[in-house]
Amino acid sequence: MHGKRDFRWFILFMIALCAAVPALEACDGCGCTLARCGLSESEAARRWFFDFTVEGQNWDKRDSAGAHTLHHQGHHVHNKTSETFYHHALGFNATDRLTVLAELPYVRRLSTEVDSHARLGHKEFSEGVGDLDVTLTWRFLRNEEGFLGLVGGVKFPTGSTTELNSGGDRFEPELQPGSGSYDGKTGLAFRRQAGPWRFQGNALYTWKTEGDQEFEYGDAFSSYLVADRAVGRIAPGLRAGADLKFESAGKDREAGVRQADSGGETLLAGPSVTWEAGPDVSLFGNFLFPVYQELGGVHQEVDFAWNAGCKILW
């Protein structure tokens, strides 16, 4: 009974937290890896785990000539076509309540040129190591049905910020693999087993600082929810459900100037599947569609997103 009261309190707290967060406007990084690292009692008994996730985002591509016109009108525009993040995460269960997670992505960004007249519409490609993210989760409430934990972390500027386009010019900050900034985050993570259903996720607030090229991303709030249930009659260890991802961020700043064409809110949702191939290995994937997008200025919208990966414990 005590565990049920704890988790009823948690649900009310999460609702209050989300309601209290201001409309910050735009997108932050993926919380999928952290959401899926909510360990069960048996998993928490293992000391180490490795999570590899490929995250993809396809953008609503603009007409290059139209984007070029917006650029000359003073808008801060890009023409991204797709982004792929290869998340490599190593986790360590220091105790049955404390988990340390270090995540290093490799980033690939595709876009088209919208500035140069000579290369207008030319396909551009930027790639490199991204920023190292270190996160601690302390499960202060824990029982056989799940946990509620505090999350804190720091992102370090390990990513490349000097990639050049086909014309030999430095890509703008939004198209670089790294940010050049130290960022901090705090929030909550949880896991809850209710019969055949399993719920896990997080709610995080990220403080951004100024990075390279005098560029500073807006502070961000993000939340990620995974809800699935066992469908073992189809295949042993198979779970199916849905993922929900919400992101909201403030306006970016360049050389201290607030950028009107940045920020906004995005809500993505879609089906997900997990196959627990054994006690030490699981595979997962999802496909997310935009349910709601309210972005600042002429900011590009997301067409769709997806995640696929695996987790190994030892």
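What counts, and where the lines are drawn
Here the residue numbering is sequential within each chain, running from 1 through the sequence in written order. Restriction of local features to residues with pLDDT of at least 70 applies here, the model being predicted, together with a cutoff of 80 or more for giving and counting side-chain atom pairs; totals for whole chains, interfaces and linings are based on all residues. By convention in this description, side-chain values take in all heavy atoms of the structure and omit both hydrogens and water. Patch construction takes residues with relative accessible area above 30% that form no salt bridge. Like charges are linked within 9 Å, and nonpolar side chains (Val, Leu, Ile, Met, Phe, Trp, Tyr) are linked within 5 Å. Throughout, the Shrake-Rupley method with a 1.4 Å probe supplies accessible areas, and for residues the shown protein chains are the sole cover considered. Every case where a carboxyl oxygen of Asp or Glu lies within 4 Å of a side-chain nitrogen of Lys or Arg is listed as a salt bridge. His residues and chain termini do not enter the charge count, which takes Lys and Arg as positive and Asp and Glu as negative. Charge positions come from single atoms, namely NZ of Lys, CZ of Arg, CG of Asp or CD of Glu. Helix and strand definitions here come from DSSP, where helices need a minimum of 4 consecutive H or I residues and strands a minimum of 2 consecutive E residues; each element is numbered from the N-terminal end. When DSSP finds at least two bridges between two strands, those strands are taken to pair. Burial here depends on accessible area, computed with a 1.4 Å probe over protein chains only, as a share of the maximum for the residue type. Under 20% is buried, over 50% is exposed, and the range in between is partly exposed. Whenever a nitrogen or oxygen atom comes within 3.5 Å of another N or O atom, the pair is scored as a polar contact, on the condition that within protein one atom can donate a hydrogen and the other can accept it, and that pairs from neighbouring residues in sequence are kept only if both atoms are in side chains. Pairs were defined over the aromatic rings of Phe, Tyr and Trp, the Trp ring being its six-membered one, requiring ring centres within 6.5 Å. Orientation was assigned from the angle between planes: stacked under 30 degrees, edge-to-face over 60, tilted for the rest. On a range of 0 to 100, pLDDT expresses the predictor's confidence in each residue. When checking whether two residues touch, look at their non-hydrogen atoms; a contact exists if any pair is within 4.5 Å.

**Let's talk about a negative patch on the surface**
Part 1 of the argument: Negative charge collects at one region of the surface, where Asp-60, Glu-294, Glu-301 and Asp-303 lie side by side.
Part 2 of the argument: Within the secondary structure, Glu-294 sits in strand β15 (residues 281-295).

**A few points about the pairing of strand β8 (residues 197-207)**
Part 1 of the argument: Of the pairings in the sheet, the one linking strand β7 (residues 183-194) to β8 comprises 11 bridges and is antiparallel in character. Residue pairing across strands places Gly-187 opposite Leu-204, the latter belonging to β8.
Part 2 of the argument: Counting the residues that bridge the hairpin from β7 to β8 gives two residues, and of these Gly-195 lies at a positive phi of roughly 65°.

**Looking at the environment of Lys-245**
Part 1 of the argument: On the secondary structure map, Lys-245 appears in strand β11 (residues 238-249).
Part 2 of the argument: Judged by its relative accessible area of 5%, Lys-245 is buried.
Part 3 of the argument: A distance of 3.4 Å separates polar atoms of two side chains, one belonging to Lys-245 and the other to Glu-55.

**Side note on the sheet that holds strand β12 (residues 253-254)**
Part 1 of the argument: Ordered in space as β9-β12-β13, the three strands form an open sheet in which the pairing is antiparallel. In the strand order of this sheet, the two ends are held by β9 (215-216) and β13 (257-258), each with one partner.
Part 2 of the argument: Bridging between β9 and β12 involves two bridges; their strand directions are antiparallel. The residue of β12 that forms the bridge with Phe-215 is Glu-254.

**Considering the packing of aromatic side chains**
Part 1 of the argument: This model, assessed by the stated rule, comprises nine aromatic pairs.
Part 2 of the argument: Note on Phe-215 and Tyr-217: the rings are 4.9 Å apart at their centroids and 80° apart in plane angle, and the pair reads as edge-to-face.
Part 3 of the argument: On the basis of relative accessible area, Tyr-217 is assigned to the partly exposed category, the value being 27%.
Part 4 of the argument: Following the ring pairs from residue to residue traces out a cluster consisting of Phe-287, Phe-289 and Phe-304.

**Describing the confidence of the model for the protein**
Part 1 of the argument: Mean pLDDT over the protein stands at 85; residues scoring 70 or higher make up 83%.
Part 2 of the argument: Counted against residues more than four places away or in other chains, residues 9-30, with its pLDDT under 50, gives 51 contacts.

**Structural notes on unusual backbone geometry**
Part 1 of the argument: Residues other than glycine seldom take positive phi values, yet Gln-213 does so here, at roughly 60°.
Part 2 of the argument: Along the chain, Gln-213 turns up in the loop between β8 and β9.
Part 3 of the argument: Here Gln-213 falls in the partly exposed class, since its relative accessible area comes to 29%.
Part 4 of the argument: With a phi close to 55°, Ala-255 is a non-glycine residue in the positive phi region.

**Some thoughts on the side chain of Thr-112**
Part 1 of the argument: By the element assignment, Thr-112 lies in strand β3 (residues 98-112).
Part 2 of the argument: A polar contact is formed between the side chain of Thr-112 and the side chain of Asn-79, at a distance of 2.6 Å.
Part 3 of the argument: In contact with Thr-112, not counting residues within four places along its chain, are Lys-61, Ser-64, Asn-79, Thr-81, Gly-121, His-122, Lys-123 and Glu-124.

**Some details on the environment of Gly-152**
Part 1 of the argument: As for its placement among the helices and strands, Gly-152 is situated in strand β6 (residues 146-156).
Part 2 of the argument: Expressed as a C-alpha distance, the spacing of Gly-152 and Thr-206, which sit 54 residues apart in the sequence, is 9.7 Å.
Part 3 of the argument: Ignoring any residue separated from it by four or fewer positions in sequence, one finds Gly-152 in contact with Val-134, Thr-135, Leu-136, Lys-185 and Thr-186.

**Overview of the pattern of salt bridges**
Part 1 of the argument: Under the criterion given, the structure shown has 14 salt bridges.
Part 2 of the argument: A salt bridge links Glu-276 to Arg-198; the shortest N-O distance between them is 2.9 Å. Here Glu-276, found in the loop between β14 (264-275) and β15, pairs with Arg-198, found in strand β8; they are 78 residues apart in sequence, far enough to count as distant.
Part 3 of the argument: Residue class for Glu-276 comes out partly exposed when judged on its relative accessible area of 32%.

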